[in-house]
Amino acid sequence: MTAARSAILARVRKALADAPAVPPAFSGAAPVPGGGDVLGLFVERVSDYGATVVVTAQPVDAVRAALARHGAQRVGVPADLDPELAAAAIEAVVDEALSPGDLDALDGALTTCAWACAETGTIALTGGVGEGRRALSLVPDLHVCVVREEQIVATVPELLGRLKASALERRPIVLVSGPSATSDIELTRVEGVHGPRRLEMIVVSVPVDAEVSL
């Protein structure tokens, strides 16, 4: 080790001497930042991004209504999406390696997700059952995502903890926080550059004494 490198490392160690210890990996539930309920915060944050969020015990009806609001008829769905959800589309087009052009020609995409985070209003897709591949949720201009209330965690560390297994399996992970948007150097907002311009989230929340059909 050179003298210069030793000096730099010594300065780094000195600077970090009083730094707080790094907390252990998150392994349990965390309180919602600022108090309140997880679902309520998730709805608030998703809405702040300009996405539409509907909380319902009837997800099939809610999906059908969401697609109708956007005039979406030909909708891309994963091959393993629940048939009842897929049936909400007028024409469900199964994504069996559809080309980018075919995906772009769809009116929208319908998927589930793996997890969601209330703190940031984020949904995470890992290519699991009903989630589809990355291209399906990124290419069509409309993405309708069905989220179960129990999939919503409070904080980012909790979300990362839930995604650890997928990361170790080298699964593709897509994090979505609202419709796709970016700004250029003049702060001009442009939507749809990196993904769908329109995002609809259907949150399945079922009362204790109720049943949900999916």
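Residues numbered from 1 in each chain as written. Predicted model: local features only at pLDDT ≥ 70, side-chain atom pairs only at ≥ 80, totals over all residues. Heavy atoms only, no water.

Student: I'd like to hear about the packing of aromatic side chains, residue by residue, with values.
Tutor: Scanning the entire structure with this criterion turns up zero aromatic pairs. In this arrangement the basic side chain of R162 is found over the ring face of W115, its NZ or CZ atom lying 5.5 Å from the centre. (Phe/Tyr/Trp six-rings, centres within 6.5 Å; stacked < 30°, edge-to-face > 60°. Lys NZ or Arg CZ within 6 Å of the ring centre and 35° of its normal.)

Student: How would you summarise the sheet that holds strand β12 (residues 198-204) if you had to cite specific residues and measurements?
Tutor: Spatial ordering of the open sheet is given by β1-β12-β7-β4-β2-β3, a layout of six strands whose pairing is parallel. The open sheet has two edge strands, β1 (52-56) and β3 (91-94), and neither has a second partner. The mean angle between the axes of side-by-side strands here comes to 25°, regardless of whether they run parallel or antiparallel. When strand β4 (residues 108-112) meets strand β7 (residues 142-148), the two strands line up parallel, connected through four bridges. Considered in β7, the bridge of L110 is made with V144. Running at roughly 155° to β1, helix α2 (residues 38-48) makes contact with β1 and β12 of the sheet. Where helix α3 (residues 59-69) meets the sheet, it contacts β1, β2 (74-77), β4, β7 and β12, and its direction lies at approximately 165° from that of β12. (Pairing = 2+ DSSP bridges. Helix = DSSP H or I, 4+ residues; strand = E, 2+ residues; numbered from the N terminus. Axes fitted to C-alpha atoms, helices over the stretch in contact; angles between N-to-C directions. Contact = heavy atoms within 4.5 Å.)

Student: If you had to explain the pattern of salt bridges to someone new, which residues and values would you point to?
Tutor: Taken as a whole and assessed by the stated rule, the structure comprises seven salt bridges. Across the salt bridge formed by R133 and D95, the nearest N and O atoms sit 2.7 Å from each other. Separated by 38 residues along the polypeptide, R133 in the loop between β6 (122-125) and α6 (134-138) and D95 in the loop between β3 and α5 (100-104) bring together distant segments of the chain. R133 gets classed as partly exposed once you look at its relative accessible area, which sits at 35%. Looking at D95, the relative accessible area reads 10%, which means it is buried. (Salt bridge = Lys/Arg side-chain N within 4 Å of Asp/Glu carboxyl O. Buried < 20%, exposed > 50% of the residue type's maximum accessible area, 1.4 Å probe, protein only.)

Student: Requested: an account of empty space enclosed by the protein, with residues and values cited.
Tutor: For the structure on display, the rule yields one cavity of 30 Å³ or more. L125, T126, G127, E131, G132, R133, R134, S137, P172 and V174 together form the lining of the largest cavity. A class-by-class count of the residues in the lining of the largest cavity yields three nonpolar, four polar and three charged. (1 Å grid on protein atoms, 1.4 Å probe; cavity = no way out; pocket = protein on both sides within 12 Å on 5 of 7 lines; lining within 4 Å. Points joined across faces, edges and corners; volume = space filled by probe spheres on them. Nonpolar A, V, L, I, M, F, W, Y, C, P; charged D, E, K, R; others polar.)

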